[in-house]
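Spelled out, the chains give:
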Amino acid sequence: YFCRHGERWELQLKGSGKTPYSRNGDGRAVLRSSVREFLCSEAMHHLGIPTSRAASLVVSDDDVWRDQFYNGNIKKERGAIVLRLAKSWFRIGSLEILAHSGELDLLRRLLDFIIQEHFPSIAMNDSNRYLEFFSTVVSETANLISLWMSVGFAHGVCNTDNFSLLSITIDYGPFGFMDSYDPDFVPNTSDDERRYKIGNQASVGLFNLSKLLQALKPLLDPRQKQLASQILEGYGEHYHSRFTELFKTKLGLLGENENDNYLIAFLLKVSFLC
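Residues numbered from 1 in each chain as written. Predicted model: local features only at pLDDT ≥ 70, side-chain atom pairs only at ≥ 80, totals over all residues. Heavy atoms only, no water.

S.K.: Go over the domain arrangement of the protein, please, and point to the residues and values.
M.R.: Taken as a whole, the protein is organised into domain 1 (10-86) and domain 2 (92-251). Spacing between the C-alpha centres of domain 1 and domain 2 amounts to 23 Å. Between domain 1 and domain 2, roughly 1400 Å² of surface is buried when both sides are summed, and carbon and sulfur atoms account for 62% of that area. At the boundary of domain 1 with domain 2, the tally comes to one salt bridge. Run the count over domain 1 and domain 2 and you get seven residue pairs in polar contact (both at pLDDT 80 or more). Those elements that provide at least two residues to the side of domain 1 that touches domain 2 are helix H1 (31-46) and strand E4 (75-86). Sort the elements by how many residues they give to the side of domain 1 that touches domain 2 and H1 lands first, with five residues. (Domains from an automatic or database assignment. Buried area = accessible area lost by both parts, 1.4 Å probe. Salt bridge = Lys/Arg side-chain N within 4 Å of Asp/Glu carboxyl O. Polar contact = N/O pair within 3.5 Å; in protein donor to acceptor, adjacent residues only side chain to side chain. Helix = DSSP H or I, 4+ residues; strand = E, 2+ residues; numbered from the N terminus.)

S.K.: Give a description of the pattern of salt bridges that names residues and reports values.
M.R.: For side chains bearing opposite charge, pairing can occur when the charged atoms are close. Here the structure, examined in full by the defined rule, presents 18 salt bridges. A salt bridge links Arg 53 to Glu 42, with the shortest nitrogen-to-oxygen separation between them at 2.7 Å. Remark: Glu 42 occurs in helix H1 and Arg 53 occurs in strand E3 (residues 53-66); sequence separation between them is 11 residues. With a shortest N-O distance of 3.7 Å, Asp 61 and Arg 78 are connected by a salt bridge. Separated by 17 residues along the polypeptide, Asp 61 in strand E3 and Arg 78 in strand E4 bring together distant segments of the chain. Among the residues examined, Asp 61 registers a relative accessible area of 69% and is labelled exposed. (Buried < 20%, exposed > 50% of the residue type's maximum accessible area, 1.4 Å probe, protein only.)

S.K.: Provide a residue-level description of the layout of surface pockets, including the pertinent values.
M.R.: Of the voids in this model, the largest pocket is the one considered here, and its volume is about 2200 Å³. Around the largest pocket, the lining comprises 49 residues; the ones closest to its centre are Lys 14, Arg 23, Arg 84, Asn 162 and Asp 171. If you tally residues by element for the lining of the largest pocket, the top one is H1, at five residues. When grouped by side-chain class, the residues that make up the lining of the largest pocket number 16 nonpolar, 20 polar and 13 charged. When residues are assigned to domains, the lining of the largest pocket turns out to be shared by domain 1 (10-86) and domain 2 (92-251), each giving three or more. (1 Å grid on protein atoms, 1.4 Å probe; cavity = no way out; pocket = protein on both sides within 12 Å on 5 of 7 lines; lining within 4 Å. Points joined across faces, edges and corners; volume = space filled by probe spheres on them. Nonpolar A, V, L, I, M, F, W, Y, C, P; charged D, E, K, R; others polar.)

S.K.: Describe in detail a nonpolar patch on the surface, supporting the description with residues and values.
M.R.: A surface patch of nonpolar side chains, amounting to about 520 Å² of accessible area, comprises Leu 251, Tyr 262, Leu 263, Phe 266, Leu 267 and Val 270. On the secondary structure map, Leu 263 appears in helix H8 (residues 260-273). (Patch = residues over 30% accessible without salt bridge, like charges linked within 9 Å, V, L, I, M, F, W, Y side chains within 5 Å. Areas by Shrake-Rupley, 256 points an atom, 1.4 Å probe, with all protein chains shown as cover.)

S.K.: Run through the nonpolar core, naming residues and quoting values.
M.R.: Leu 95, Phe 133, Trp 148 and Leu 212 are the most contacted members of the largest nonpolar core, which has 52 residues in total. Per element, the largest residue contribution to this core is 12 residues, and it comes from helix H4 (residues 129-150). Leu 212 has contacts with Ile 92, Leu 95, Phe 134, Val 137 and Leu 165, leaving out every residue within four places of it along the chain. (Core = buried A, V, L, I, M, F, W, Y, C linked by side-chain atoms within 4.5 Å. Contact = heavy atoms within 4.5 Å.)

S.K.: Help me get a handle on the packing of H4 against helix H5 (residues 201-216), residues and values and all.
M.R.: Taken N-terminus to C-terminus, the directions of H4 and H5 make an angle of 165 degrees; their axes are 10 Å apart at the nearest point. With respect to their mutual orientation, H4 and H5 come out roughly antiparallel. H5 is crossed by H4, and the crossing has right-handed handedness. Contact residues: H4 offers Tyr 130, Phe 133, Phe 134, Val 137, Val 138, Thr 141, Ile 145, Trp 148 and Met 149, while H5 offers Gln 201, Ala 202, Gly 205, Leu 209, Leu 212, Leu 213 and Leu 216. When its residues are assigned to classes, the contact of H4 with H5 shows 13 nonpolar, three polar and no charged. (Axes fitted to C-alpha atoms, helices over the stretch in contact; angles between N-to-C directions. Parallel < 35°, antiparallel > 145°, perpendicular 65-115°, else oblique. Left-handed = near helix turned anticlockwise from the far one by under 90°.)

Right, here's the structure in full:
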């Protein structure tokens, strides 16, 4: 932890090598992707979009072998390490894996820790605290993806392990910004099925939240499960409302008009055709 002005930030090294949590990779990072993460995370912060931050970047003397375009052409590249920070690195996948393995006691303890540390508005003695937690994550995730769309940002790998429980942008792997509106824009060269194209981000967010609900269900009673399902159903309305609000601000539209959504859709289509 790093404490500043009474706040606590978690520090994390990306590209330092294998850890106990590494999968099959070497745990290294190349210079080009490290520079991109450093610059983009700082740019997103200054755009007002919740995100992890980059504290430093160190170039390594070691070489890293990478197939940049996944075409079998492996090249030697310069390695680097990014020191990044966030209030928390817990993700939807952090809870999902515990529920999947049946470690419900550890799931409850971890969830209570996350709520106590990062959701101060939720009382720990509230029997509905997990429901309140889920409601907050649903609305804030809808807000985050709306912000992504408002600047044309495509994450590239929107799985549950890359979706923060604090609804911040994390894990800048393959990502990109659209030059002009294209709902089929994909920044990830390995995403042949276009699963994470920018036009799918809101739907993938809903899918990930449904996985979060599935992980929480063992801790909920029947009434809470029903209410949680209703909360999830409201995700689309949250997203649409925030998306519309952001684009109306861009266009300088004041008040409410039934043609606002038509105008936004029309202008996006014009941008796509151009």
